[in-house]
Amino acid sequence: MQLLGHQVGNREPLFLIAGPCVVEDETLMLNVATELKAIADRVGIFLIFKSSFDKANRTSTSSYRGPGMAQGLEILAKVRSQVGVAVLTDLHEDTPIDEVADVVDVLQTPAFLVRQTNFMQRVARAKKPMNIKKGQFQAPWDMHNVVQKCRAAGNDQVMLCERGVCFGYNTLISDMRSLAVMRSTACPVVFDATHSVQQPGGQGTASGGQREMVPVLARAAVAVGVAGVFMETHPDPDQAPSDGPNMWPLGRMEELLKTLVELDHLVKSRPYSEDSLASPAGSV
């Protein structure tokens with residue numbers, strides 16, 4: 001798949017989606033994007049900057065949701081033009097999709113809305129690349145139907161993103177087999193290494209997380225063979241207004257990315273052995 005001038009896919013070099021969970025002040029966003037771009041250039045990985053102008057799925061009404069669409073898009077537009085990076089942001093049911101699509105490069109659909117056909121097809125009709133979060137409640141083979149809905153709406157620029165599946169209360173687990181299953185859709189598969197360690201609602205009025213497990217799951221996903229890795233990051237995650245417990249520190253991003261890029265190159269230098277023994281979707 002051609003993504004913003006780059007060839008991406010499950011056999012192509014790894015790319016990165018990264019940035020703070022939610023848009024904060026303009027200075028922080030520009031500084032983080034500048035540092036991420038410098039890291040990506042040194043490591044040799046294609047970067048898409050991610051941040052949300054509105055987090056409609058926060059645990060509590062008292063939680064910070066972001067600056068709103070107008071200010072948030074203004075800041076993201078400056079990141080895009082001044083830093084020179086592609087930009088991704090989330091949409092929600094009531095988001096004016098065309099207005100957002102005029103500013104950002106990739107549209108992301110939240111996991112909780114993946115079954116909403118009208119919403120998914122409205123996003124698809126914007127004709128922008130889509131990063132579709134797999135629902136925490138879904139089997140990986142269910143994503144075939146999601147992809148078909150978007151293609152029926154005229155959009156073939158579809159990526160699928162694994163972010164863990166519910167396992168008991170306030171707990172997510174990552175089944176690495178799901179990455180191989182979703183490859184059968186012929187869509188680039190992205191692994192969300194930070195939301196996969198999230199503990200939804202685990203702190204009562206906020207979500208918790210196991211930040212120390214981010215590199216563990218990221219390495220495992222790259223070893224499976226994926227197109228990209230998604231990691232939310234922040235200079236000081238413990239002070240971040242959203243998803244701090246599961247964000248990876250910006251100061252430690254380069255060392256982790258070096259490992260992931262090396263591992264990606266090794267894995268993709270050989271055929272995937274499982275492809276010669278592939279089982280029908282839904283049989284894992």
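Rules behind the numbers
- Residues numbered from 1 in each chain as written.
- Predicted model: local features only at pLDDT ≥ 70, side-chain atom pairs only at ≥ 80, totals over all residues.
- Heavy atoms only, no water.
- Helix = DSSP H or I, 4+ residues; strand = E, 2+ residues; numbered from the N terminus.
- Buried < 20%, exposed > 50% of the residue type's maximum accessible area, 1.4 Å probe, protein only.
- Polar contact = N/O pair within 3.5 Å; in protein donor to acceptor, adjacent residues only side chain to side chain.
- Contact = heavy atoms within 4.5 Å.
- Core = buried A, V, L, I, M, F, W, Y, C linked by side-chain atoms within 4.5 Å.
- Phe/Tyr/Trp six-rings, centres within 6.5 Å; stacked < 30°, edge-to-face > 60°.
- Lys NZ or Arg CZ within 6 Å of the ring centre and 35° of its normal.
- Disulfide = S-S within 2.5 Å.

Chemist: Any chance you could break down the environment of A111 for me, citing the residues and the numbers?
Modeler: Counting through the fold element by element, A111 comes out in the loop between β6 (106-109) and α4 (117-124). The spacing of A111 and K78 is 33 residues in sequence and 27 Å in space, taken between C-alpha atoms.

Chemist: Account for unusual backbone geometry, with residues named and values stated.
Modeler: Even without being glycine, K127 reaches a positive phi, approximately 60 degrees. As for its placement among the helices and strands, K127 is situated in the loop between α4 and β7 (130-133). For A186, which is not glycine, the phi torsion reads 70 degrees and is therefore positive. Examined against the element boundaries, A186 turns out to sit in the loop between α6 (177-183) and β11 (189-192). In this structure A186 comes out as exposed when scored by relative accessible area, which is 66%.

Chemist: So what's going on with the side chain of N10? Which residues, and what values?
Modeler: Tracing the chain through its elements places N10 in the loop between β2 (6-7) and β3 (15-19). Here N10 falls in the buried class, since its relative accessible area comes to 12%. For N10, the side chain forms a polar contact with the main-chain oxygen of C187, separated by 3.0 Å. Residues in contact with N10, not counting those within four places in the same chain, are R183, C187, P188, V189, G225, V226, A227, K268 and Y272.

Chemist: Which residues make up the nonpolar core, and what values go with them?
Modeler: F49, L107, I132, M231 and L257 are the most contacted members of the largest nonpolar core, which totals 70 residues. By residue number, the principal contributor to this core is helix α1 (residues 26-43), which donates 9 residues. Ignoring anything within four residues of it in the chain, the contact list for L257 reads L16, I39, V43, I45 and M231. One finds F15, I48, C161 and A227 within the second-largest nonpolar core, a separate group that totals 14 residues.

Chemist: Would you mind going over the packing of aromatic side chains in detail, with residue names and values included?
Modeler: Any two aromatic rings considered together are summarised by their centre-to-centre distance and by the angle between their planes. Per the counting criterion, the structure on display carries 1 aromatic pair. On the numbers, 6.4 Å between centres and 45 degrees between planes, the contact of F15 with F46 is tilted. With F15 in strand β3 and F46 in strand β4 (residues 46-50), this residue pair connects regions lying 31 residues apart in the sequence. Across the pair, exposure class does not vary: F15 and F46 are buried alike. One cation-aromatic arrangement involves R11 over Y272; the distance from NZ or CZ to the ring centre is 4.1 Å. A cation sits over an aromatic face here: K133 above F230, 4.5 Å from the ring centre.

Chemist: Provide a residue-level description of the environment of A18, including the pertinent values.
Modeler: Position of A18 relative to the elements: it lies in strand β3. On the basis of relative accessibility, which here comes to 0%, the residue A18 falls in the buried class. Taking the C-alpha atoms as reference points, A18 and D105, 87 residues apart in sequence, are found 14 Å from one another. Beyond its immediate stretch of four places on either side in the chain, A18 contacts L36, L47, I48, F49, K50, M231 and M253.

Chemist: Any details on the state of the cysteines? Residues and values, ideally.
Modeler: Applying the stated criterion to the full structure yields 0 disulfides. Sulfur of C150: no disulfide; nearest cysteine sulfur belongs to C187 and is 8.6 Å away. With no disulfide of its own, C166 lies 15 Å from the sulfur of C161, the closest cysteine sulfur. With a relative accessible area of 48%, C166 lands in the partly exposed category.

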